[in-house]
Amino acid sequence: MSAKDTELLCGLNREDFQTTVNGKQTDLFILKNSIGNEVAITNYGGALVAIIVPDRDGKYANVIQGHDNIQDVINSPEPYLSTLIGRYGNRIARGKFQLNGKQYTLPINNGPNSLHGGLKGFNAKVWDALQMNPQSLVLNYISAYGEEGFSGEVKTTVIYTFTDDNELVIEYMATSNKKTIINLTSHGFFSLAGIANPTPTIDDLECEINADFYIPIDETSIPTGEILKVEGTPFDFRTSKPVGRDIDADHEQIRHGAGYDHCFVLNKKEEGELSFAARIVEPNSGRTMDVYTTEPGVQVYTDNWADGYKGQHGATFPRRSAICFEAQHFPDSPNRPYFPSVVLRPGEQYKQKTIYRFGVQK
């Protein structure tokens with residue numbers, strides 16, 4: 001970024017994102033593709049604060065929920081608002097798991113469970129940032145041994161790239177010096193209609209999810225251990241349907257999640273392949289987003305707990321004004337040996353790639 005900051009579509013000021021947290025400098029980074037669309041990221045929590053793309057009439061809007069200054073990012077009523085999540089995305093039952101015969105205990109921060117890496121996960125850390133070129137940003141963070149109760153020192157790299165095809169590509173890599181568990185994701189709160197005051201509901205959003213199965217949860221949002229067919233349930237998005245159609249269905253799982261807050265088991269030909277996960281179409285603007293990932297699952301969260309809090313440029317974020325597609329391994333995997341493994345051993349590399357591709361339907 002340069003003196004051209006004032007020409008940014010997102011209307012954000014770099015200075016508003018500059019402060020020092022625990023001796024580390026926060027900043028704002030802008031990725032711009034050749035078409036002129038923008039992604040704005042702060043290295044505090046790797047938070048995506050703007051994704052500026054046009055609708056079918058060429059009108060620009062920010063399609064991800066965020067704040068317009070660093071203090072609001074740090075003190076957001078939604079601490080995971082469009083941030084990176086680690087060391088462990090989603091929930092671990094009662095904050096306990098076994099590894100090498102030893103029991104580990106994590107902070108309890110979501111009912112009786114541990115959520116998204118504990119009290120101060122990767123969403124609340126200042127990452128070392130290096131902007132490689134106008135279209136890519138590299139973030140690095142070293143998670144100390146014992147941080148939030150996890151074993152091993154974990155070195156994590158996340159690369160954001162905004163391609164000329166309007167793809168936001170997020171690549172994750174991590175290594176550990178001791179056997180540990182890891183489950184990284186990005187918690188983007190997408191509002192394809194564009195953020196506003198108030199940001200419109202996602203009820204009419206057409207959604208398709210490439211999953212024949214989903215993971216049911218108990219009343220504390222921990223997997224029951226079953227993997228159930230979506231067929232004949234509110235969780236059947238194999239053919240596109242409005243998000244709001246079954247979001248308040250008389251169904252135990254909908255009640256447990258207060259809407260959708262469930263991990264879908266993605267259809268895969270082979271483990272770790274980069275394949276289609278989901279697609280949403282916003283009927284009024286024509287904006288579309290396709291999700292591709294190497295991960296076995298995607299947590300779909302319909303922003304069931306937002307209360308209309310204030311965001312960027314006077315926008316407000318009411319209940320169900322966003323949808324999240326958190327590509328990840330399954331919740332509570334350390335306590336479910338038959339779920340895909342989340343164990344990372346010394347000498348191994350954790351790798352993940354997820355793509356959010358934006359477009360328009362005429």
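Analysis parameters
Residues numbered from 1 in each chain as written. Predicted model: local features only at pLDDT ≥ 70, side-chain atom pairs only at ≥ 80, totals over all residues. Heavy atoms only, no water. Phe/Tyr/Trp six-rings, centres within 6.5 Å; stacked < 30°, edge-to-face > 60°. Helix = DSSP H or I, 4+ residues; strand = E, 2+ residues; numbered from the N terminus. Buried < 20%, exposed > 50% of the residue type's maximum accessible area, 1.4 Å probe, protein only. Lys NZ or Arg CZ within 6 Å of the ring centre and 35° of its normal. pLDDT = per-residue confidence, 0-100. Contact = heavy atoms within 4.5 Å.

Details of the packing of aromatic side chains
Consideration 1: In total, this model carries 17 aromatic pairs according to the counting rule given.
Consideration 2: Between Phe122 and Tyr141 the ring centres are 5.3 Å apart and the planes differ by 70°, which places this aromatic pair in the edge-to-face class. Taken together, the residues Phe122 in the loop between β11 (114–115) and β12 (128–133) and Tyr141 in strand β13 (residues 136–143) connect sequence positions 19 residues apart.
Consideration 3: Note on Phe276 and Tyr292: the rings are 5.9 Å apart at their centroids and 65° apart in plane angle, and the pair reads as edge-to-face. In this pair, Phe276 is assigned in strand β23 (residues 275–281) and Tyr292 in strand β24 (residues 287–293), connecting sequence segments 16 residues apart.
Consideration 4: Taking the relative accessible area as the measure of exposure, Phe276 reaches 21% and is therefore partly exposed.
Consideration 5: Look at Tyr292 and you get partly exposed, because its relative accessible area is 22%.
Consideration 6: Here the aromatic residues Tyr214, Phe235, Phe237, Tyr260 and Phe264 are joined through ring pairs into a cluster of three or more.
Consideration 7: Lying across the ring of Phe237, Lys241 places its NZ or CZ 4.4 Å from the centre.

A short note on the confidence of the model for the protein
Consideration 1: Looking at the protein, pLDDT values average 97 and 98% of them are 70 or higher.
Consideration 2: Here strand β9 (residues 96–99) is the element of the protein with the lowest mean pLDDT, 97, and β24 is the one with the highest, 99.
Consideration 3: Between residues 1–6, whose pLDDT stays under 50, and residues either more than four places distant or in other chains, the model counts 6 contacts.

Some thoughts on unusual backbone geometry
Consideration 1: Of note, the bond from Gly86 into Arg87 is cis; its omega dihedral lies within 30 degrees of zero at -5°.
Consideration 2: Counting through the fold element by element, Arg87 comes out in the loop between β7 (84–85) and β8 (91–92).
Consideration 3: The peptide bond linking Asn197 to Pro198 adopts the cis configuration, its omega dihedral lying at -5°.
Consideration 4: Mapped onto the fold, Pro198 is located in the loop between β17 (185–186) and β18 (206–209).
Consideration 5: Even without being a glycine, Ser82 presents a positive backbone phi close to 60°.
Consideration 6: Along the polypeptide, Ser82 turns up in the loop between α1 (70–74) and β7.
Consideration 7: Its relative accessible area of 0% is what places Ser82 among the buried residues.
Consideration 8: Phi at Ala258 is positive, roughly 55°, even though this residue is not glycine.
Consideration 9: Relative to the assigned elements, Ala258 resides in the loop between α2 (252–257) and β22 (261–265).

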